[in-house]
Amino acid sequence: MSHISITITCAPELADMLVAQLSEISYEGFEERPGVLIAYIPVAGFNEAALDELLQPYGITYTKEEIKQENWNALWESNFEPVIVDGFCGIRAGFHPPFTQPLEHEIVITPKMAFGTGHHATTFSMIRLMQQLNLAGKKVFDFGTGTGILAILAQKMGAAQTDAIDIDEWSVESSKENAAGNQVNIHIWQADSLENIKGAYDVILANINRNILLQYMADMRRLLSPGGVLLLSGIMVQDEKIILENAQKQGLQRQQQVEQDNWLAIKLVTG
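Residues numbered from 1 in each chain as written. Predicted model: local features only at pLDDT ≥ 70, side-chain atom pairs only at ≥ 80, totals over all residues. Heavy atoms only, no water.

Quick word on the environment of Glu177
And then number 1: Relative to the elements of secondary structure, Glu177 occurs in helix H6 (residues 169-181).
And then number 2: C-alpha of Glu177 to C-alpha of Ala154: the two residues are 23 residues apart in sequence and 16 Å apart in space. (Helix = DSSP H or I, 4+ residues; strand = E, 2+ residues; numbered from the N terminus.)

If you want it as structure tokens, here you go:
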């Protein structure tokens, strides 16, 4: 699968808002660099008119480039640096040397065309919330697994079973390879919704975007065991109210949240 990369020159405060808006029109990966936002979307989903309409009110322009599947690794390798979350979890690529500082968990990934390397505030904050959980012997579900980072971490934290889905075939392939490379056993498959998923999970992880979280809040609640925990991310600060109102309708209560760079990650528990 090839992707289109859109490079937008903008201020950091505008970049956060654009990430939220672009997520709503099928953009599924982002890189934030000083003064620049790069957004990625599969070629099949690219609609230039919709992009122009979204950016027009801001008076900003963009450049676009098609990235072939075979060029993807070269692209991320040129930008990817190791990530350490609070001395708890380190994330690196295979070509990086092992971490020298003591860490509870180390994850080695090859993103390929899947998204999620731990750099963005959404993934970083999810890992911070996971750090507070005792996953030993628990059953975990990762909704929108991307590179598989959160599912891999759950297994390394002692989960008895971790299941994961993603809508994107390439993400499923990438997460399976990353799970194998980290020597953890995760059941990963391709799915575009939660409607046909059965069972009860102690912990559900969902680092996606506001619209998908709202659309599937009831399904996520249905899949939670009594006393279960739901971790949500991909939420802009201004969307906190609507997410919490929707969660409360499903009998979910906020217990903790983390804010970073205008993004929220929220821990919800069953009432």
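Observations concerning the sheet that holds strand S5 (residues 83-85)
And then number 1: With respect to topology, three strands assemble into an open sheet ordered S5-S6-S7, the strand pairing being mixed. One side of each edge strand has no neighbouring strand; the edge strands of this open sheet are S5 and strand S7 (105-109). Strand-to-strand twist across the sheet, computed as the mean angle between neighbouring axes with direction ignored, equals 15°.
And then number 2: Relative to S7, strand S6 (residues 89-93) runs parallel, the two being bridged by five bridges. Bridging across to S7, Gly90 finds its partner in Glu106.
And then number 3: Helix-sheet contacts for helix H4 (residues 121-131) involve S5 and S6, and the interaxial angle to S5 is about 35°. (Pairing = 2+ DSSP bridges. Axes fitted to C-alpha atoms, helices over the stretch in contact; angles between N-to-C directions. Contact = heavy atoms within 4.5 Å.)

Concerning the confidence of the model for the protein
Close inspection of predicted coordinates is inappropriate for parts of the model with low pLDDT.
And then number 1: On average, residues of the protein score 89 in pLDDT, and 92% of them are at 70 or above.
And then number 2: Looking over the protein, one finds the lowest element-wise mean pLDDT in helix H3 (residues 72-77), namely 63, and the highest in strand S8 (residues 139-143), namely 98. (pLDDT = per-residue confidence, 0-100.)

What to know about the packing of helix H1 (residues 12-23) against helix H2 (residues 48-55)
And then number 1: Taken N-terminus to C-terminus, the directions of H1 and H2 make an angle of 145°; their axes are 11 Å apart at the nearest point. Read as a crossing pair, H1 and H2 show a hand that is right-handed. Contacts between H1 and H2 involve Leu18, Gln21 and Leu22 on the former and, on the latter, Leu51, Leu54 and Leu55.
And then number 2: Grouping the amino acids of the contact of H1 with H2 by side-chain chemistry returns five nonpolar, one polar and no charged. (Left-handed = near helix turned anticlockwise from the far one by under 90°. Nonpolar A, V, L, I, M, F, W, Y, C, P; charged D, E, K, R; others polar.)

Some points on unusual backbone geometry
Among all residues save glycine, negative phi is the norm, and among peptide bonds the norm is trans.
And then number 1: Phi at Ser26 is positive, roughly 80°, even though this residue is not glycine.
And then number 2: Looking at where Ser26 falls in the secondary structure, it is placed in the loop between H1 and strand S2 (29-33).
And then number 3: Overall, Ser26 belongs to the partly exposed group, its relative accessible area being 46%.
And then number 4: Even without a glycine there, the phi angle at Asp261 is positive, about 55°.
And then number 5: Examined against the element boundaries, Asp261 turns out to sit in the loop between strand S13 (252-260) and strand S14 (263-270). (Buried < 20%, exposed > 50% of the residue type's maximum accessible area, 1.4 Å probe, protein only.)

Considerations on the pairing of strand S9 (residues 161-166)
And then number 1: Burial within S9 is extensive, with five of its six residues counted as buried.
And then number 2: Pairing of S8 with S9 involves five bridges; the strand directions are parallel. Note that in S9 the partner of Val140 across the bridge is Thr162.
And then number 3: Regarding the hand of the β-α-β motif, the stretch spanning S8, helix H5 (residues 149-156) and S9 is right-handed.
And then number 4: Traced from S9 through H6 to strand S10 (residues 187-190), the parallel crossover comes out right-handed. (Right-handed = clockwise from strand over helix to strand, strands pointing away.)

Brief notes about the packing of aromatic side chains
For any two aromatic rings, the description comes down to two numbers: the centre-to-centre distance and the angle of the planes.
And then number 1: Applying the stated criterion across every chain yields a total of three aromatic pairs.
And then number 2: Three or more aromatic residues joined by ring pairs make a cluster, and in this case those are Phe141, Trp189 and Tyr201. (Phe/Tyr/Trp six-rings, centres within 6.5 Å; stacked < 30°, edge-to-face > 60°.)

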